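Commentary on secondary and tertiary structure
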Amino acid sequence: MGTKPEEPRGAHQDGPNGTEPQGAGRDERARGVPRTLAEALRAGGDEELAALLRARPDLLNPVPGDLTQLATRAGTRASVVRALERLDRFALQTAEALAVAPDPAPYESLLTLLTGDNGGDDSSGNAVADALPGAVAALRARALVWGADDRLRLVRTARELLAPSPARPSPTGLGPTVAEATAGMSPGRIQEIVAAVGLPSTHDPVSAVASLTALFTDRDRMAALLDTAPPEASAVLDRLVWGPPYGEVTADPTPPVRWLRDRGLLLPASPRTVVLPREAALHLRAGRAHRVPEPQPPRLEAAASVLAARPQVVDGAAAAQALTALSTVEDLLLDWHEGGPPVLRAGGLAVRDLKRAAVALDTDEPTAAFWLELAYAAGLLAADGEADEAYAPTPAYDSWLELPAAERWARLADAWLTATRTAGLVGSLDGKGRALSALGPGLDRSAAPEVRRRVLTLMGELPPATAPTPDSLLARLRWERPLRGPEGASYGATPATGPYSAAADPSGTLATDLRSRLAVWTLTEAESLGITGRGALSTHGRALLGTDTDTDTAAAAAARDSATAPDRAGRLRAAADALAPMLPVPLDHVLLQADLTAVAPGPLQRDLAETLAVLADVESKGGATVYRFTPGSVRRALDAGRTAAELHSFLALHSRTPVPQPLSYLVDDVARRHGHLRVGGASSYLRCDDEALLDEITADRRSEGLRLRRIAPTVVSSLADPSTLLAGLRSMGYAPAAESAEGDVLIARAHARRTPPRTPPAPQPDGPPPPDTTLLGAAVRAIRAGDLAATVATKPVPAADGTRAPAAPGNLPRTTAAETLATVQAAVMTGSALWIGYVNAEGAASQRVMAPVRVEGGFVTGYDHTADEVRTYPLHRITGVAELADD
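Description of the structure in this document. (Residues numbered from 1 in each chain as written. Predicted model: local features only at pLDDT ≥ 70, side-chain atom pairs only at ≥ 80, totals over all residues. Heavy atoms only, no water.)

Section: the sheet that holds strand β24 (residues 869-874)
The strand order across the open sheet built from five strands is β24-β23-β22-β21-β25, with neighbouring strands paired in antiparallel fashion. Each of the sheet's edge strands pairs with one partner strand only, and the pair in question is β24 and β25 (878-883). Averaged over neighbouring strand pairs, the angle between their axes works out to 45° when direction is ignored. In the sheet, strand β21 (residues 834-839) pairs with β25 via five bridges, with the strands oriented antiparallel. Bridge pairing in β25 places G837 opposite G880. Taken strand by strand, helix α35 (residues 817-830) contacts β21, β22 (845-856), β23 (859-864) and β25, and its axis lies near 65° from that of β22. (Pairing = 2+ DSSP bridges. Helix = DSSP H or I, 4+ residues; strand = E, 2+ residues; numbered from the N terminus. Axes fitted to C-alpha atoms, helices over the stretch in contact; angles between N-to-C directions. Contact = heavy atoms within 4.5 Å.)

Digging into the pairing of strand β4 (residues 267-270)
Across three bridges, β4 lies against strand β5 (residues 273-275) in antiparallel orientation. Following the sheet pairing, L267 is matched in β5 by V275. What sits between β4 and β5 in their antiparallel hairpin is a turn of two residues.

A word on helix α17 (residues 311-335)
Side chains of residues three or four places apart in an α-helix project in the same direction, reflecting 3.6 residues per turn. In a regular helix each residue adds 1.5 Å, so 25 residues correspond to 36 Å; α17 covers 36 Å between its end C-alpha atoms and thus fits that length. Turning to α17, its buried residues number three or more, namely V314, D315, A318, A319, A322, A325, L326, T328, V329, E330, L332 and L333. (Expected span 1.5 Å × (residues − 1). Buried < 20%, exposed > 50% of the residue type's maximum accessible area, 1.4 Å probe, protein only.)

Quick look at the pairing of β22
Moving residue by residue along a regular strand, the side chains alternate between the two faces of the sheet. Pairing of β21 with β22, which is carried by six bridges, proceeds in the antiparallel orientation. Across the sheet, I836 pairs through a bridge with R848, a residue of β22. Taking the residues that link successive antiparallel strands as the turn, the β21-β22 hairpin has five residues, and the phi of G843 there is positive, at about 90°. Looking at chain direction, β22 and β23 are connected through six bridges and run antiparallel. Considered in β23, the bridge of R854 is made with T861. Taking the residues between adjacent antiparallel strands as the criterion, β22 and β23 are bridged by two residues, where G857 takes a positive phi near 65°.

Concerning the pattern of salt bridges
Evaluation of the coordinates by the stated rule reveals 36 salt bridges. Across the salt bridge formed by D353 and R356, the nearest N and O atoms sit 3.0 Å from each other. Separated by three residues within a single helix, D353 and R356 lie in helix α18 (residues 351-361), roughly one turn from each other. By relative accessible area, which is 7% here, D353 ends up buried. One network of salt bridges, with partners in common, ties together R454, E461, R476 and E480. (Salt bridge = Lys/Arg side-chain N within 4 Å of Asp/Glu carboxyl O.)

Considering the packing of aromatic side chains
Enumeration over the complete set of coordinates arrives at four aromatic pairs. Between the aromatic rings of Y838 and Y873, the centroid separation amounts to 4.7 Å while the plane-to-plane angle is 55°, which identifies the pairing as tilted. Highlighted residues: Y838 in strand β21 and Y873 in strand β24, separated in sequence by 35 residues. Residue Y838 is classed as buried on the basis of its relative accessible area, which comes to 11%. Take Y873: its relative accessible area is 4%, and that puts it in the buried class. Sitting above the plane of the W400 ring, R408 keeps its charged end 5.4 Å from the centroid. (Phe/Tyr/Trp six-rings, centres within 6.5 Å; stacked < 30°, edge-to-face > 60°. Lys NZ or Arg CZ within 6 Å of the ring centre and 35° of its normal.)

Some thoughts on the side chain of S717
Turning to its location among the elements, S717 is positioned in strand β17 (residues 715-718). If we ignore the near neighbours within four places in the chain, the residues touching S717 are S684, Y685, R707, L708, R709 and I711.

Re the packing of helix α30 (residues 644-654) against helix α31 (residues 661-673)
Axis separation between α30 and α31 bottoms out at 10 Å; the angle between their running directions is 160°. Considering their axes alone, α30 and α31 lie roughly antiparallel with respect to each other. Where α30 crosses over α31, the handedness of that crossing is right-handed. On α31, the residues that touch A644, L647, H648 and L651 of α30 are L663, S664, V667, D668 and A671. Split into classes, the residues belonging to the contact of α30 with α31 amount to six nonpolar, two polar and one charged. (Parallel < 35°, antiparallel > 145°, perpendicular 65-115°, else oblique. Left-handed = near helix turned anticlockwise from the far one by under 90°. Nonpolar A, V, L, I, M, F, W, Y, C, P; charged D, E, K, R; others polar.)

This is a description of form; function is not addressed.
Below, the structure written as structure tokens:
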């Protein structure tokens, strides 16, 4: 099957900003066909322009002055790279195929590159044919491709990024064209290749290369040539055909390699490297640019372990975990109630302090880092900013505690969903080989919010109570953002733990790149937060995302991303309302038992929980919390100012069972001994009316470290400070009390330490946010108006030599002050519009189309078509004017 010979690369290249070379396109100009990207944008409507700015918001910063500026900015390398990174796999494959196709390429040639000469088999070929119009439309909407279907053009920067080169192989696995590979070859050697394949010799290298290219692109003649190849030569071609197309050869190559090299099927790329030309590779591939086109995203597969789960089971498991999440955050910040650990000089939490937090929460260090980062992202925890900087709860923590449990959970879940800080990176190394610490710098990853939301959205596309397999979920994410996969792979983060960790992935397909690791962490963290239950998205998780149905379109996701604050508050309220009925009501009672324990069969009311935490020690947690009463815990309550009578009354009021006699005896016994010993500051002293008790203490060997000395029958002095003396006596089993200089007992209440008001850390977005409808409309109007001013046709204006010539498009008009005033006054009388050049007070120059209505006092007032409003301009800031052409 013969095809049209591919024109050599370089014979038809884009000019600057996606333009054609000078002298090209005269026929297109006559037919009104766009010759540049700017002309293609100019020919489109406002809807297409708004879609481009929505898909590529970086083009709006700042707003381009006209369509030529917009096209130039859309062709810059940074902007094109960002746009390519947001393509799905098939759209990217389409762009890669265009990068190796002739420029321009008709739609039929592009389809052939993706399906092959025979159109592929029935299923794959039809799928590609059905998906290709959407892929081309997506590329057009992002200004990566322009032109009609018969002349599709890839912007020059994208072609340079995607086309094969020795330094950067193409994902297609194709090599350079014959023209590119023979660019530095001697004319004699080219003629030898032409003669070896049986072609007539030519008088110049250009025609020789063209005839060789025509041979390689002619399927019948190429097949006949390969039929004469030795079997070993076919094996060499098979190794190179799907890439990489380069191979090393020795100074004396084997006969099969020599046969291929003599006939141009292998061309020299360097003294010891040969390359398979693109035209020959396409013939061997039957015309396909990619081995396996992927027009459709991979399907999400349900995990076998949860196939039989019901929505009620999933919601119940998620609600229970949400309650555990609230309890964990409260326990963490309660542990730092009087002040947390110090801040490292470089910022963040020391490893030893992270270990202590993990022990206090009875969990591992990565999980403790997650809870710390969650509290920090929610604005509940921050550094106090003092000279000896330390972490402490913020005032917002106290306000958060007053909210209902469901609303507190919604605040935490929303903070996690939108945060760019990534707890999974804690303990890994940054680019300079330094360990990343919890709450420290270097943990922001701009892709984290997008990945979290996308993972949960994909889970929401499955039927309720259905969990996806991690492999299928990661495959779907890689299909949607194939170029974002390797990002951050060098960070070397510690692998995630839990059911979605690499250790639990025998296939080894769980991720090594950042985006996939973010997805794995999302699965684990969403389960810990209670957004998912048993691996499936819960009802309140769907409400948090704003998905009330089983599916979620890209348009809906984009609308949510640009949602206003009331919309976000509405989603949080809906999530809290969905979760609230599934959370247990806080209890006002406990069950006291004879073994000096109290069982809380559920979450307790806040006042009860706080008092019980002082009076008893937590022994175990779970569905029910077990508290144990000890002499030390009862003494702690007495130190806090409670009396024995108040403790008896508290226990009787909040117990559903009778107060056990051993517990009453414990309270009375500790209260009877409490305060007999009084500790004050000398350095410190110990006072007691019971001389025998003082004799016992001074004779005890355990008191040697306190360095006690009897100075009176009822007073003992110590070189230790009062707090050390109190702790030492308590460790010996006594119940001392601190007293003031006046002899009054000091009540040891816990003093809450709070930071000054702090705002949560601001997320670091991946580029500018998507513009809202208002901004898009204003930007489109400004660009159109600026383009009108830049391209408007004007009448000839006087030149410096006295001749008259039309004003050059894009340049400010230049006229004398007298000519400017006369032209403006004439326009006021005739009601005509003018093209003016204007320089504002900051020195910024612009072009405007204006219809003057009044000239007085050195100012001109009129309707500015560029700004779409009536404006007044000083005449001395107008650089020149020109009348608009009659047509």
